[in-house]
Amino acid sequence: IGQTPVKYRGVPIGEVSAVELSPDHRHVLVKARLRRSAEKVANEGAIFWIVRPQVGLGNVTGLNTVLSGPGIEVRPGEGAPKREFVGRESAPPDENGLRLVLRAERPKSLRQNSPVYYRGVEVGSVQKVDLSANSASADVTLLVWPRFAPLVREGSTFWNASGIEVKGGLLKGLQVEFESLRALATGGIEFASPPNSPRAKPGTAFFLHGEPKKEWLAWQPKIPLQAEK
């Protein structure tokens, strides 16, 4: 109270004024006071979430909160003024890009923000890892960034690029392979696309394989990318 800031684009626009339990003790009610200049931020559709430090190889966010404590970030709404919202524990996923679902038996090492690669270049990220509706498999939701969305085709194949793969023997020596240090630490996914395959539609479901086949690695389609904005 009086210490946790409310920010928009990193700029303080208010602070927490009260914290208490809901009458049924199942939730925490956080009251915040916004500056008059920022009152239009609290409109229908606004999203509030808690910002905490997240540290990983190639990904450090919210590091200032280690010393100052957690903060609250907001994405303004565009509807009518509103005074009650359901807060989130983490930042909402980016809405821009091609969203896909991968079905996996065991999505080892994958987590939110794990990278997605095409030919070793990062082209997207994992948004969520959860059980399927019938619990028969795990569903991994991906977001491929707009510029790279044309790379995903109906015939594309995805595989888990997490961890280390060790091959060889006493006579041949050992061969150690991993996609990147970040994929080693946080998990990762790689995919390839065949030539002459139509573009995949948003929401298309693919199977997540444990490793690639040689023929997938040999695919070399010529796919124009969207221009950077």
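As the structure is a computational prediction, the values presented were derived from the model and not from experiment. (Residues numbered from 1 in each chain as written. Predicted model: local features only at pLDDT ≥ 70, side-chain atom pairs only at ≥ 80, totals over all residues. Heavy atoms only, no water.)

Novice: Just checking my understanding: could you explain the pairing of strand 16 (residues 205–209) for this structure?
Specialist: Consecutive residues of a regular strand have side chains that alternate between opposite faces of the sheet. Bridge count between strand 8 (residues 98–104) and strand 16: three bridges; the pairing is parallel. Among the inter-strand pairings, Val101 is bridged to a residue of strand 16, identified as Ala205. Here strand 12 (residues 157–160) pairs with strand 16 via two bridges, running parallel. Note that in strand 16 the partner of Trp159 across the bridge is His209. (Pairing = 2+ DSSP bridges. Helix = DSSP H or I, 4+ residues; strand = E, 2+ residues; numbered from the N terminus.)

Novice: I would appreciate a short explanation of the sheet that holds strand 10 (residues 121–131) in the present structure.
Specialist: What holds strands together in a sheet is hydrogen bonding between their backbones, with the strands either parallel or antiparallel. Strands sit in the order 8-11-10-9-15-12-16 around a closed barrel of seven strands; the barrel is mixed. Ignoring which end each strand starts from, the neighbouring axes of this sheet average 35 degrees apart. Alignment of strand 8 against strand 11 (residues 138–144), held across seven bridges, turns out to be antiparallel. Counted as the bridge partner of Arg103 is Asp139 from strand 11. (Axes fitted to C-alpha atoms, helices over the stretch in contact; angles between N-to-C directions.)

Novice: Would you explain the pattern of salt bridges in this entry?
Specialist: Side chains that carry opposite charge are capable of pairing whenever their charged atoms lie near each other. Inspection of every chain in the model, using the stated rule, returns two salt bridges. Measuring nitrogen to oxygen at the nearest pair gives 3.8 Å for the salt bridge that ties Glu44 to Lys82. Placement of the pair is Glu44 in the loop between strand 3 (28–34) and strand 4 (47–51) and Lys82 in the loop between strand 7 (71–75) and strand 8, with a sequence separation of 38 residues. A relative accessible area of 43% means that Glu44 is categorised as partly exposed. Measuring nitrogen to oxygen at the nearest pair gives 2.7 Å for the salt bridge that ties Asp139 to Arg103. Taken as a pair, Asp139 in strand 11 and Arg103 in strand 8 lie far apart in primary sequence, 36 residues in all. On the basis of relative accessibility, which here comes to 16%, the residue Asp139 falls in the buried class. (Salt bridge = Lys/Arg side-chain N within 4 Å of Asp/Glu carboxyl O. Buried < 20%, exposed > 50% of the residue type's maximum accessible area, 1.4 Å probe, protein only.)

Novice: Looking at this structure, I do not really get the nonpolar core. What am I missing?
Specialist: The biggest cluster of nonpolar side chains holds 23 residues, and the ones touching the most others in it are Leu102, Val123, Leu142, Val152, Phe158, Ile189 and Phe191. Residue assignment for this core shows that the elements contributing at least two residues are strand 8, strand 9 (115–118), strand 10, strand 11, strand 15 (189–192) and strand 16. Here this core takes four residues from strand 8, the largest share from any one element. Beyond its immediate chain neighbours, meaning those up to four positions away, Phe191 contacts Val116, Tyr117, Tyr118, Val123, Leu151, Val152, Ser156, Thr157, Phe158 and Trp159. Among the nonpolar cores identified, the runner-up in size contains nine residues, and Val6, Ile13, Val16 and Val74 belong to it. (Core = buried A, V, L, I, M, F, W, Y, C linked by side-chain atoms within 4.5 Å. Contact = heavy atoms within 4.5 Å.)

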